[in-house]
Amino acid sequence: MAKLVIEGGNRLRGKVNISGFKNAALAILPATILTGDNCIIENLPMIQDVFVYRDILLKLGADVSISDSGLMNVDTSKIEKCFIPNGLTKKLRASYYLLGAGLGRFKDVTISYPGGCDIGLRPIDQHIKGLEALGGTFEVKDDVIRVSAKKLKGNKIYLDVVSVGATINIMMAAVFAEGKTVIENAAKEPHVVDTANFLNAMGASIRGAGTDVIRITGVEKLHGGEYSVIPDQIEAGTYMIAAAVTKGDLIINNIIPKHLEPVTAKLKEMGMNIEEYGDSLRVHYEKELVPVNIKTLPYPGFPTDLQQPMTVLLAMTKGDSIVIESIFENRFKYIDELVKMGARIKVENRAAAIKGVEKLNATEVKATDLRAGAAMVVACLAAEGVSTVNDIYHIDRGYEFIENKFMNLGAKIRRVEDEDQQI
Ligand code: UD1
């Protein structure tokens, strides 16, 4: 199995281009089903999760072609039904969007239960509550979910928890629900807005995405068109934190600085120097950093997807800090790997108490999930000596060309496919 071999201890310097946002891409691809037409989606990241969605669309009967530069031509006009209980949807979390998109277009969907990172229970009760309120009836048997409706009718839906997935799923089904749908306590994440922008560009009527009340007026039909996915603020945040961990100096290109505010604010509070430009920023280390406390929250709070790399940075920052994970109950599994590297961290329930150490030691670690994997890479870039990150298939699900991008910034990092090769 592939692994990354990293010789750490080098300051990262240079420019990095950020790819399209995984989480937006994984909502927009199923949303093309609603158009029943030809769509050209640009700026898709070349990551495993996107390839799995391509396979799902092909399996459903769509015509799909994808170029190396991240442009997908997807024609969903020939799809006749949304029936895919064969386990393919278990390969990623975002397959739950087939429920909303398929219900909207075909009024009947069957899929295997969605998979994704093992970071907690990840229930879908809010998705079910929302789609039922629009007229859907659910049947869950073994590992297969079916939702069907005679017709969809707009309704007022209050989400009990702020859920990105439920917000987008309900928004998708409501595009074709008769009358008005109002989603209250909606998620405000950039990919909620990006998906709404895509659907509106194809003829939907969605107002308020990006606030906690979204209003959708049902329409009869959507059409195809072209759309470009927003940049990945989680990938950008990972490189910003890598700059801090390695005492480096990076220009992060192709970003929307506003989406990075929660990370920028915390890194500045720690003492990093950050200059923002139109669609890029410079992040550079000048003086010894100070510890901060972090609590993950829905957007615009600090993102749970950057909790792990941020914990690596705090683990190497002199002084005490606390990280509270308030979104997912099981997102500290990677801490054991960090402790192996010499970090001093104690976890109790959803809080990690960190005593910063001067340096981490190079060793063999594993990616326990996608974002934890990125955090391990960041930790190994800082640890002097040669480290290995195993189980990098998790990382490949969500980071485009990770070793090439870091190599271009001066890191000594290499993908090794078998036991014999060395750095
Ligand atoms: C999405 C992102 C993921 C990110 C997360 C939070 C995708 C594919 N994944 O995941 O990268 O970490 O948002 O920003 O976009 N919940 C319920 N019931 C539900 C739905 C959610 O209780 O029906 C809870 C979850 O367990 C969690 C919280 O709500 O505690 C937020 O989850 P949600 O925003 O839905 O996350 P995902 O859509 O799974």
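Sequence positions are assigned chain by chain, starting from 1 and proceeding in written order. Only residues with pLDDT of at least 70 are given local features in this predicted model, and only at 80 or more are side-chain atom pairs given and counted; all residues enter the totals for whole chains, interfaces and linings. Think of the side-chain values as coming from all heavy atoms in the structure, minus any hydrogens and water.

Peer 1: Would you take a moment to explain helix α9 (residues 307–315) for this structure?
Peer 2: An α-helix turns once per 3.6 residues; consequently, residues spaced three or four apart project the same way. Note on classification: 1.4 Å probe, protein chains only; a residue is buried when its accessible area is under 20% of the maximum for its type, exposed when over 50%, partly exposed between these limits. Only DSSP runs of H or I covering at least 4 residues are called helices, and only runs of E covering at least 2 are called strands; the numbering of each starts at the N terminus. The buried count for α9 comes to nine of nine residues, which makes it a mostly enclosed element. Looking only at α9, the buried set comprises Gln307, Gln308, Pro309, Met310, Thr311, Val312, Leu313, Leu314 and Ala315.

Peer 1: Honestly, the site of the ligand in this entry has me stumped. Any pointers?
Peer 2: Taken together, 22 residues sit near the ligand, with Tyr96, Gln126, Ser163, Asp305 and Ile327 positioned nearest. In protein, a polar contact means a hydrogen-donor-capable atom and an acceptor-capable atom, both N or O and within 3.5 Å, with residues adjacent in sequence counting only if both atoms are side-chain atoms; elsewhere, any N or O pair within 3.5 Å suffices. Within the side chain of tyrosine 96, a nitrogen or oxygen atom sits 2.5 Å from an oxygen atom of the ligand. One of the backbone nitrogen or oxygen atoms of glycine 165 is found 3.1 Å away from an oxygen atom of the ligand. Burial of the ligand by the protein chains amounts to 88% of its free accessible area of 740 Å². When residues of the shell around the ligand are traced back to their parent elements, those giving at least two are α4 (125–133) and α5 (164–174). For the shell around the ligand, the element with the most residues is α4, which contributes three residues. As a working rule, the residues Ala, Val, Leu, Ile, Met, Phe, Trp, Tyr, Cys and Pro are called nonpolar, Asp, Glu, Lys and Arg charged, and the rest polar, with Gly in that last group. When grouped by side-chain class, the residues that make up the shell around the ligand number nine nonpolar, seven polar and six charged. The two domains that each donate at least three residues to the shell around the ligand are domain 1 (3–19 + 231–416) and domain 2 (22–228). If a single non-hydrogen atom of a residue is within 4 Å of a molecule or strand, that residue counts as near it. All accessible areas in this document rest on Shrake-Rupley with a 1.4 Å probe, and a residue is counted as covered only by the protein chains that are shown. Here the bounds of each domain stem from an automatic or database domain assignment.

Peer 1: How do you make sense of the domain arrangement of the chain when you look at a structure like this?
Peer 2: Where the parts come together, the accessible area they lose is often given as the size of the interface. Each domain of the chain was delimited in the assignment, giving domain 1 (3–19 + 231–416) and domain 2 (22–228). For domain 1 versus domain 2, the separation of C-alpha centres amounts to 30 Å. Each side of the interface is counted separately: domain 1 has 24 residues, and domain 2 has 21 residues. Two parts placed together each lose some accessible area under a 1.4 Å probe, and adding up what both lose gives the buried area. Both sides together, the interface formed by domain 1 and domain 2 hides about 1800 Å², and carbon and sulfur atoms give 54% of it. Throughout this description, the term salt bridge denotes a Lys or Arg side-chain nitrogen within 4 Å of a carboxyl oxygen of Asp or Glu. Counting across the domain 1 and domain 2 interface gives one salt bridge. Whether two residues are in contact is decided by their heavy atoms, any of which lying within 4.5 Å being enough.

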